[in-house]
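This is what each chain is made of:
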Amino acid sequence: MRKILKKRTKVRYPRYVMSKIGKTRAVEATAALRENVPTTKWMTAETLKQMLVQHKMVYIKPNVGMFGNGVIRVEMSDGEGEIMPYSYQLGVNLRRFKTFEDMYASIKKKTGKTPYLVQKGIHLLKYKGNRFDLRIMVQQTPLRDWETTGVIGRVAHPSKIVTNFHNGGTLKSVETLLHSYLPAGERDDYVKKLHVLGKRVAKAINTKYRGVKEIGVDVALDKDLHPWILEVNTSPDPYIFRRLRDKRIFAKMRRYAKAYGRL
């Protein structure tokens, strides 16, 4: 009797993951990374009010979105006698409210039916008076190892709450941004730690989403220089790294990206 051989079909895993909450939960699944992830929940009136009471400042953002679009900074003043203790900023527009209920009703008009997340707010370090965060680029090498290929800083536009380059932000080297916060020798060691953090995040994401080949990790630094993972992008823009003086960084990114079929 002739044996019928079944042809094996190759499993294709998606390369891009859109859900911010899905990626956040994937990172949190690694115990060593939990202290780097700010509390993140689905936004409801209850969760927003609860986190405002606890943290005084939070960010809300669409679960699916790019370039910082739709991100809102929400604050609650703890000063006694404040007439309008609640406020939020979307884009360059700041609005103030007497009650939480009034503010939430206004926010819902902006967000509509789009699912939103609420995240503990991190007070970012500043460069020349403007907030900044970092983007860590991590890629699979041609040998399928994970490697942090670059770190770059993004300085927010003076009147905006987001740092994204595509939303008016300015790109700076991480060494320039850390110059006022760490001496030269310590800066080098700190950047190495960011490289390690990036690789850990990539492995955590890849454990759940096996098709991912590259990630961009958005990291906020607080006054103690503790790195907070704000978001993970599975389709990061490598071209922002062309702005760095060291052209070898982007050249390597491009070479790796070609190897896994991105470019």
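Residues numbered from 1 in each chain as written. Predicted model: local features only at pLDDT ≥ 70, side-chain atom pairs only at ≥ 80, totals over all residues. Heavy atoms only, no water.

**Q** Lay out the packing of helix α2 (residues 45-55) against helix α3 (residues 100-111) with the relevant residues and their values.
**A** Axes are the key here: two packed helices are described by the angle between their axes and the distance separating the axes. In the contact formed by α2 and α3, the axes pass within 11 Å of each other and the chain directions differ by 125°. Viewed along their axes, α2 and α3 adopt a mutual orientation that is oblique. Of the two elements, α2 crosses α3, and the hand of that crossing is right-handed. Contact residues: A45, L48, K49 and L52 in α2; F100, E101, M103, Y104 and I107 in α3. Among the residues making up the contact of α2 with α3, the classes are represented as 7 nonpolar, no polar and 2 charged. (Axes fitted to C-alpha atoms, helices over the stretch in contact; angles between N-to-C directions. Helix = DSSP H or I, 4+ residues; strand = E, 2+ residues; numbered from the N terminus. Parallel < 35°, antiparallel > 145°, perpendicular 65-115°, else oblique. Left-handed = near helix turned anticlockwise from the far one by under 90°. Contact = heavy atoms within 4.5 Å. Nonpolar A, V, L, I, M, F, W, Y, C, P; charged D, E, K, R; others polar.)

**Q** With reference to specific residues and values, describe a nonpolar patch on the surface.
**A** Taken together, the side chains of Y16, M18 and V64 make up a nonpolar region of the molecular surface, amounting to roughly 290 Å² of accessible area. Note on placement: V64 falls in the loop between β2 (57-62) and β3 (72-76). (Patch = residues over 30% accessible without salt bridge, like charges linked within 9 Å, V, L, I, M, F, W, Y side chains within 5 Å. Areas by Shrake-Rupley, 256 points an atom, 1.4 Å probe, with all protein chains shown as cover. Salt bridge = Lys/Arg side-chain N within 4 Å of Asp/Glu carboxyl O.)

**Q** Got a sec to walk through α3? Specific residues and values, please.
**A** Compared with the 16 Å implied by 1.5 Å per residue over 12 residues, the 16 Å span of α3 between its first and last C-alpha is a close match. For α3, the full list of buried residues reads F100, M103, Y104, S106, I107 and T111. The buried residues of α3 occupy one face: seen down the axis, they fall within an arc of 160°. Summarising the contacts, the buried residues of α3 are in contact with α2, β2, β3, β4 (86-90), β5 (93-97) and β6 (116-120). At the C-terminal side of α3, G112 shows a positive phi close to 60°. (Expected span 1.5 Å × (residues − 1). Buried < 20%, exposed > 50% of the residue type's maximum accessible area, 1.4 Å probe, protein only. Arc of directions from axis to C-beta.)

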